[in-house]
Amino acid sequence: MDASIMSGKDLSSGAVSAVRCIANPVRLARLVMEKTPHCLLTGLGAGEFAAAMGVPAVPGEQLVTERRRKHLEREKQKEAQNPDQPKDLGTVGAVALDSGGDVAYATSTGGIVNKMVGRVGDTPCVGSGGYADNAIGAVSTTGHGESILKVNLARLALFHVERGKTLDEAAAVSLGYMKSKLQGLGGVILLNTAGDWAAQWTSESMAWAAAKDGKLHVGVNLGDTRVTDLP
Ligand code: ASP
């Protein structure tokens, strides 16, 4: 698994890549941010750091549920039929604005189907898997990691916000650029310090949710947004 996290307050960030048997890789990324002078720990070193921090190792099989095993089988079949479409293996991303006006992002992933051993995607790379800066906003990304890395998708989206685009425009332009340059598909969630947000994707679908002003907005496919009161 790979994960990264960033605070828009001071650009502090932490990330881990190629970690195994950790229940919450984002928490480990946060420890890298808060307890080390480094940005990214990988593989064995990340595992040793987890142990030193008292993060329990969870046997791999405990992290695999029957539902996710079936999901993986379906994704492998889809991969065989359509290798160009990104396959969702459980990437989870979040962006948040707190009452003090600070933004942050966190993203974690199990990677992509049929990856080479040693392959690391965009998720642990700040600027690609996400970015947060109180002066602009926060972004978390998902999709074809090799394309996301090549265009620095998260920072690219915020660059367009800095240049005056709305969040929806910035999401569309940056995802459109990745698609036209590389045929790369993906999705982004974006947030600014005014509390506006956007969720857009060029992949088949993207499960997303947003909570604001007592309302919960959720969607998976284009045009199917539902809004309910937050409990
Ligand atoms: N971006 C992730 C990766 O390439 C995969 C995903 O978002 O589904 O590792």
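The structure we're discussing is the one just above.
Rules and cut-offs
Residues numbered from 1 in each chain as written. Predicted model: local features only at pLDDT ≥ 70, side-chain atom pairs only at ≥ 80, totals over all residues. Heavy atoms only, no water. Phe/Tyr/Trp six-rings, centres within 6.5 Å; stacked < 30°, edge-to-face > 60°. Lys NZ or Arg CZ within 6 Å of the ring centre and 35° of its normal. Pairing = 2+ DSSP bridges. Helix = DSSP H or I, 4+ residues; strand = E, 2+ residues; numbered from the N terminus. Near = heavy atom within 4 Å. Polar contact = N/O pair within 3.5 Å; in protein donor to acceptor, adjacent residues only side chain to side chain. Nonpolar A, V, L, I, M, F, W, Y, C, P; charged D, E, K, R; others polar. Axes fitted to C-alpha atoms, helices over the stretch in contact; angles between N-to-C directions. Contact = heavy atoms within 4.5 Å.

Undergrad: Whenever I open this one, the packing of aromatic side chains confuses me. Can you help?
TA: The geometry of an aromatic ring pair is captured by the separation of the ring centres together with the interplanar angle, meaning the angle of the planes. Summed over all chains, the structure comprises one aromatic pair. Looking at Arg155, its charged tip hangs above the ring of Tyr131, at a distance of 5.0 Å from the centre.

Undergrad: Would you take a moment to explain the pairing of strand 11 (residues 215-219) for this structure?
TA: Each regular strand carries side chains that alternate between the two faces of the sheet. Alignment of strand 10 (residues 208-212) against strand 11, held across five bridges, turns out to be antiparallel. Of the residues in strand 11, the one forming a bridge with Ala211 is Leu216. What sits between strand 10 and strand 11 in their antiparallel hairpin is a turn of two residues, with Asp213 showing a positive phi close to 50°. Judged from the four bridges that link them, strand 11 and strand 12 (residues 226-229) form a sheet pairing that is antiparallel. Within the sheet, the bridge partner assigned to Leu216 lies in strand 12 and is Thr228.

Undergrad: Explain unusual backbone geometry here, please?
TA: Backbone phi values are negative for most residues with the exception of glycine, while trans is the configuration of most peptide bonds. Positive phi, close to 60°, is recorded for Leu11, a residue that is not glycine. The residue Leu11 is located in the loop between strand 1 (2-7) and strand 2 (13-17) in this model. Look at Cys21: it is not a glycine, yet its phi comes out positive at around 60°. On the secondary structure map, Cys21 appears in the loop between strand 2 and helix 1 (25-35).

Undergrad: What is the right way to look at the site of the ligand in this model?
TA: Near the ligand you find Thr91, Thr109, Gly111, Ile112, Arg119, Gly121, Asp122, Thr123, Thr142, Gly143 and Gly145, and these make up its full shell. Arg119 places a side-chain nitrogen or oxygen 2.8 Å from an oxygen atom of the ligand. When grouped by side-chain class, the residues that make up the shell around the ligand number one nonpolar, eight polar and two charged.

Undergrad: Whenever I open this one, the sheet that holds strand 8 (residues 186-192) confuses me. Can you help?
TA: Hydrogen bonds between backbone groups are what pair the strands of a sheet, and the pairing can be parallel or antiparallel. Pairing in this open sheet of four strands is antiparallel, and the strands run 6-7-8-9 from one edge to the other. One side of each edge strand has no neighbouring strand; the edge strands of this open sheet are strand 6 (130-133) and strand 9 (197-201). Within this sheet the neighbouring strands show an average axis-to-axis angle of 5°, counted without direction. One ladder, built from four bridges, connects strand 6 with strand 7 (residues 137-143); its direction is antiparallel. In the strand pairing of strand 7, Asp133 is matched with Gly137.

Undergrad: Explanation requested: the sheet that holds strand 4 (residues 92-97) in the structure shown.
TA: Across the sheet, five strands lie side by side as 3-2-1-5-4; this open sheet has mixed pairing. The outermost strands of the open sheet, each flanked by one partner alone, are strand 3 (40-42) and strand 4. Strand-to-strand twist across the sheet, computed as the mean angle between neighbouring axes with direction ignored, equals 5°. Across the sheet, helix 2 (residues 43-52) lies against strand 2 and strand 3, angled at about 105° from strand 3, the strand it touches most.

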